[in-house]
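Summary of the model geometry
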Amino acid sequence: MGFESIKDQKSAITHLNSFLKKATVPHALIFTGPNGVGRCTVAKFFAMALNCREKWSEENVKYPCGVCQSCRKIQTDNHPDIIFIEPVGMSIKILQIRNMMEVLAMKPYEAQKRVVIISDAQAMNLESSNALLKILEEPPERTHLILICREISELIPTIISRCQHIRFGPISKKNIEKLLIEKNDIKTEKASVISIMANGSIGKALSINEGNWLSYRRWIFKELENLSCDKPLSLSLAFAEKLSKNKDIIYDTFDLIKTYLRDILIFKFSKEKIINSDLADIIETVSQIENLDAIISKIDAVTLAEKNIKANANLKLSLEIMILRLADIIV
């Protein structure tokens, strides 16, 4: 029950357990790492461990019991002293931080240690960040804050300097594949493909499995296979327009295209090492046509489009230029 269920986060859990063993838990922690690798789950287990009434140890690791009243309440998100804050819309509002401050001004209702977990902390704007800073400068007694974000650089320096940083890494392909097979009853070949596409995120792996990602990937690959300067310009532009309508998953789409191009490159030298092995027929066909310089140039085109869109360039225009470069219509 607890930390032992978290895979591939030994370093992070070792640090947290050291705090528990020495009873020197910092008043504020920042958990960084990719989405879907266990940051929120560990934050919740850590809150349980801080408040468990029946804590037990094995091989120097402390576990919450999972059955005492405190553990059960935290597990079901019903503990009055475990506060969860997440973005409303696209951001964490200053009103949310002020409401939290009002709660923290009072003593905990029943917890030994009150815990505030702020997910997607990078969504705080400057106003809400500065409001949170006041709490970090004068932390209330028996209270710990856990900020969860992707990269530490997404937070303002004054917040970073007042928190202990705990880094979470990607989950191994092996463990994602094992989870999909054992817990989700997915066939080995499909689990292998999904575990590669997940880029180290269990959350993304489950999302791929539940959605139509595999068919979307096949469609992307077939469209890329058919791109050619010999075909009408309208076909390339139509493909770009279809991609632009999937704005919410555009960065995942870039990842798919880059794995496609990577496989075309790798196939020339070591075909058993391609990622999309179930679509090897497409990869082989294109790999026989494309030369190395062209493939590398196309990878650069995708990287540039991704960079431009992150910098708020026009989405449709950026995709059109990228697709035209992939079709060798422009260089």
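Report follows, based on the coordinates. (Residues numbered from 1 in each chain as written. Predicted model: local features only at pLDDT ≥ 70, side-chain atom pairs only at ≥ 80, totals over all residues. Heavy atoms only, no water.)

1. Here we look at the packing of helix H10 (residues 213–226) against helix H12 (residues 250–267)
Where H10 meets H12, the closest approach of the two axes is 10 Å, and the angle between their N-to-C directions is 55°. The angle between H10 and H12 places the two elements in the oblique class. When the axes of H10 and H12 are compared, the crossing they make is right-handed. On H12, the residues that touch Trp213, Tyr216, Arg217, Ile220, Phe221, Leu224 and Glu225 of H10 are Asp252, Thr253, Leu256, Ile257, Thr259 and Tyr260. Among the residues forming the contact of H10 with H12, the class breakdown is eight nonpolar, two polar and three charged. (Axes fitted to C-alpha atoms, helices over the stretch in contact; angles between N-to-C directions. Helix = DSSP H or I, 4+ residues; strand = E, 2+ residues; numbered from the N terminus. Parallel < 35°, antiparallel > 145°, perpendicular 65-115°, else oblique. Left-handed = near helix turned anticlockwise from the far one by under 90°. Contact = heavy atoms within 4.5 Å. Nonpolar A, V, L, I, M, F, W, Y, C, P; charged D, E, K, R; others polar.)

2. A few points about the pairing of strand S5 (residues 114–118)
Extensive coverage of S5 is indicated by the burial of five of its five residues. By the bridge criterion, four bridges tie strand S4 (residues 82–85) to S5 in an arrangement that is parallel. Residue pairing in the sheet places Phe84 in a bridge with Ile117 of S5. In the classification by handedness, the crossover that spans S5, the intervening helix H5 (residues 126–137) and the parallel strand S6 (residues 143–149) is right-handed. (Buried < 20%, exposed > 50% of the residue type's maximum accessible area, 1.4 Å probe, protein only. Pairing = 2+ DSSP bridges. Right-handed = clockwise from strand over helix to strand, strands pointing away.)

3. Digging into the packing of aromatic side chains
Per the counting criterion, the structure on display carries six aromatic pairs. On the basis of an interplanar angle of 90° and a centroid distance of 5.5 Å, the ring pair of Trp213 and Tyr216 is categorised as edge-to-face. Residue Trp213 and its partner Tyr216 are located together in helix H10, separated by three residues, close to a single helical turn. Accessibility expressed as a relative area gives 11% for Tyr216, which makes it buried. (Phe/Tyr/Trp six-rings, centres within 6.5 Å; stacked < 30°, edge-to-face > 60°.)

4. Digging into the nonpolar core
Counting 73 residues, the largest nonpolar core has Phe31, Tyr260, Leu319, Met322 and Leu326 as the members making the most contacts within it. Residues in contact with Tyr260, not counting those within four places in the same chain, are Phe221, Leu224, Glu225, Asn276, Ile282, Ile283 and Val286. (Core = buried A, V, L, I, M, F, W, Y, C linked by side-chain atoms within 4.5 Å.)

5. Some details on the side chain of Thr32
Relative to the helices and strands, Thr32 is located in strand S1 (residues 28–32). Of the polar contacts made by the side chain of Thr32, one reaches the side chain of His165; its length is 2.7 Å. Not counting residues within four places of it along the chain, the set of residues in contact with Thr32 comprises Arg39, Cys149, Arg150, Glu151, Ile152, His165, Ile166, Arg167 and Phe168. (Polar contact = N/O pair within 3.5 Å; in protein donor to acceptor, adjacent residues only side chain to side chain.)

6. Quick notes on the sheet that holds S4
Reading across from one edge, S4-S5-S6-S1-S7 is the order of the five strands in this open sheet, with parallel pairing throughout. The open sheet has two edge strands with one neighbour each: S4 and strand S7 (164–167). The sheet shows a mean angle of 20° between the axes of neighbouring strands, taken without regard to direction. Sheet contacts for helix H1 (residues 10–22): S1 and S7; angle to S7, the most-contacted strand, approximately 140°. Strands in contact with H5 are S1, S5 and S6; relative to S6, the strand with the most contacts, it is inclined by about 140°.

Geometric values such as these leave the question of function open.
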